[in-house]
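# What the coordinates show
The primary structure of each chain is shown beneath.
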Amino acid sequence: MSELPKSLVSIMRDEKILKVGVGIGEDVLKLKRHRGLICKGMADIQAMGMKSLGLAAKAPKVGLKALAQSFVGIELIKPKRIAVSNWEDFPLTLQQIEYAAMDAWAGLRVYQEITGKRQLINKPPYQDVHVETIPSRSPVVRYVLLLALVVLLYYIFL
């Protein structure tokens, strides 16, 4: 197994850099178990969202699509063919990068709505967000590409 990039390790260990995800506890445990990496600054929006919606911890888990609909009021269209595509193949396709970027952006927006911290970004200029129809140079994609990079590096180097 190759060594994780120092920049990724630094980001994952820095509690001042917020890392938001849906059900990320398993990922954090994998990184600790397989790589010895202690991750800090993690926020599980699945647990936060379920609590905020008054759902019991034993209720069926909600995904990012449902959280984005409930908290941000947008419908994420997540084509199955992209979701189940080979994320270990390099280089990733533009559609995979946009899909990951939209997930990162939506996760951040859900976090902001749950916590009331909306000062970073506003809602996108799209009512229904379709990964396949967002221009690759759109402000939304550019803004969250850095966030998606952390996710992509994780999957590439795990």
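Going by an unreviewed UniProt entry, the chain carries the name 3'-5' exonuclease domain-containing protein and comes from Desmophyllum pertusum.

Here we take up the packing of aromatic side chains. This structure, assessed with the given rule, holds one aromatic pair. Judged by centre distance (5.8 Å) and plane angle (55 degrees), the rings of Trp87 and Tyr99 are tilted. Taken together, the residues Trp87 in the loop between helix 5 (80-83) and helix 6 (94-115) and Tyr99 in helix 6 connect sequence positions 12 residues apart. Taken as a pair, Trp87 and Tyr99 share a single burial class, namely buried.

Put simply, helix 3 (residues 45-52) and helix 6 touch, their axes get as near as 10 Å, and they point 40 degrees apart. As far as their axial angle goes, helix 6 and helix 3 are oblique. Seen from above, helix 3 lies across helix 6 with left-handed handedness. Of the residues in helix 6, those in contact with Ile45, Met48 and Gly49 of helix 3 are Gly107, Val110, Tyr111, Ile114 and Thr115. Broken down by class, the residue content of the contact of helix 3 with helix 6 amounts to five nonpolar, three polar and no charged.

Parameters at a glance
- Numbering of residues starts from 1 in every chain and runs along the sequence as written.
- Predicted model: local features are reported for residues with pLDDT of at least 70 only, side-chain atom pairs are reported and counted for 80 or more only, and whole-chain, interface and lining totals are derived from all residues.
- Calculated side-chain values reflect all of the structure's heavy atoms, with hydrogen atoms and water omitted.
- Centres within 6.5 Å are what make two rings of Phe, Tyr or Trp a pair, Trp counting through its six-membered ring; a difference in plane orientation under 30 degrees is then read as stacked, over 60 as edge-to-face, and the rest as tilted.
- Strands here are runs of E lasting at least two residues and helices are runs of H or I lasting at least four, both read from the DSSP assignment and numbered beginning at the N terminus.
- Three labels apply to residues, based on accessible area from a 1.4 Å probe with only protein chains included: buried if under 20% of the type maximum, exposed if over 50%, partly exposed otherwise in between.
- All axes are obtained by fitting lines to C-alpha atoms, using only the stretch in contact for helices, and the reported angles, taken between N-to-C directions, cover 0 to 180 degrees.
- Roughly parallel refers to an angle under 35 degrees, roughly antiparallel to one over 145, roughly perpendicular to one between 65 and 115, and oblique to any angle outside these ranges.
- Here a crossing is called left-handed whenever its near helix is offset anticlockwise from the far helix by less than a right angle, and right-handed whenever the offset is clockwise.
- The contact criterion used is simple: two residues touch if any of their non-hydrogen atoms lie within 4.5 Å.
- Each residue receives one of three labels: charged for Asp, Glu, Lys and Arg, nonpolar for Ala, Val, Leu, Ile, Met, Phe, Trp, Tyr, Cys and Pro, and polar for the others, Gly being one of them.

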